[in-house]
Amino acid sequence: MVGVLVRFSRWSRARWVRALFAGLYVVALAAAVPEGAGGHGRDDGWSSEEARRFWGPARMSAATKAAADGDKDGAQPITGSARHFDGVPTVGVLFYVGEDMRDHHCTASVVHSPKGNLIISAGHCGFGDDAAFVPGYRQGESKQPYGVWAVDRSFVDPRREDTGDGSDLDFAFATVKADGRGRQLERVTGANRLVRTPGYVNRVTVIGYPSSESDPADRAIRCTAMTSQLPGHRQMTMRCDGFYSGTSGSPWLADFDEKTRTGDLIGVLGGLNGGGPDGEESDRVSYSPMNDDEIFKLYVDAINGREPRRD
């Protein structure tokens, strides 16, 4: 199988080293962009049905053996205000085919789109080939509650970098293929609304999936926190313990509705250094780029299947 492209960040560096050594959707703008066949992807041989079979119960159970060996009820505490919960349909994990299939590597979420087939994550996550999105992921389940969806094409701003102004562009979209019944993802899970970040100070609910290596409970976590500006960058920062490796791409949701379990997506966990400081604060402090004109330009590229090009 083709290996996955891995981009270093504070979320993935430790695992890579071990493996190495072992709102408004700009409808008018969208209509003005001609449809194309761009994006980073592969041919039509990779389907959601193949993804479901590949990441079947046996493989997922093996991938999360560490979680099964942990606390019987899986409710291991996380220091601080983040807590385990059963997750929401619009947020899930990204798996990829590679040498190490033990766990998921990033978090992604569903955002509303005309075709209903769009997810968002951090730009540094690197979707790679033969990737799959598992919304509402439950470790060890014989059947995932909302299915397993093959990633088709990914869209990343070519100016994205881990440091400097390029870290303000650390977001990415990907389209997923329909399931075996011809349904699009959003019809099954619902979707959050991609909106412009109103400012640096916001009350957000952040939902993510730490890797099983970092958190053996292997469950979704959530935290509600206030944000502020990361000095010197067009990025927000929040303080909440428990956002370990694997939570890159976690949606930052304003006006989260407990009944619909959706909200306004005003950011994703990422940015400078892959989404936070190194050292002792790495799992306590997280960053997110602002949703400004640049993310909506990329959104338009994604819904039109066009290769992102920037001057």
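Residues numbered from 1 in each chain as written. Predicted model: local features only at pLDDT ≥ 70, side-chain atom pairs only at ≥ 80, totals over all residues. Heavy atoms only, no water.

Model confidence for the protein chain is summarised by a mean pLDDT of 79, while 72% of its residues fall at 70 or above. In the model, residues 54-80 has pLDDT below 50 throughout and makes 59 contacts with residues more than four positions away in sequence or in other chains. (pLDDT = per-residue confidence, 0-100. Contact = heavy atoms within 4.5 Å.)

Another aspect to go through is the sheet that holds strand S13 (residues 235-239). If you walk across this open sheet you meet the three strands as S12-S13-S16, and the pairing is antiparallel. A single partner strand is all that each edge strand has here, and the edge strands are strand S12 (228-229) and strand S16 (285-289). (Pairing = 2+ DSSP bridges. Helix = DSSP H or I, 4+ residues; strand = E, 2+ residues; numbered from the N terminus.)

In this fold, Pro-158 is placed in the loop between strand S7 (149-156) and strand S8 (172-176). For the pair Pro-158 and Arg-310, spaced 152 residues apart in sequence, the C-alpha to C-alpha distance is 7.1 Å.

We now examine the nonpolar core. Of all hydrophobic cores here, the largest spans 30 residues; its most connected members are Leu-118, Ile-120, Phe-173, Leu-194, Ile-207, Leu-265 and Ile-295. Counting 18 residues, the second largest nonpolar core, distinct from the first, contains Cys-106, Trp-149, Val-151 and Val-176. (Core = buried A, V, L, I, M, F, W, Y, C linked by side-chain atoms within 4.5 Å. Buried < 20%, exposed > 50% of the residue type's maximum accessible area, 1.4 Å probe, protein only.)

A word on unusual backbone geometry. The residue Asp-218 is not glycine, and still its phi comes out positive at about 50 degrees. Relative to the helices and strands, Asp-218 resides in the loop between strand S10 (203-208) and strand S11 (220-226). Judged by relative accessible area, Asp-218 falls into the buried class, the value being 1%. With phi around 60 degrees, Arg-261 is a residue other than glycine that occupies positive phi space. Examined against the element boundaries, Arg-261 turns out to sit in the loop between strand S14 (251-257) and strand S15 (262-268).

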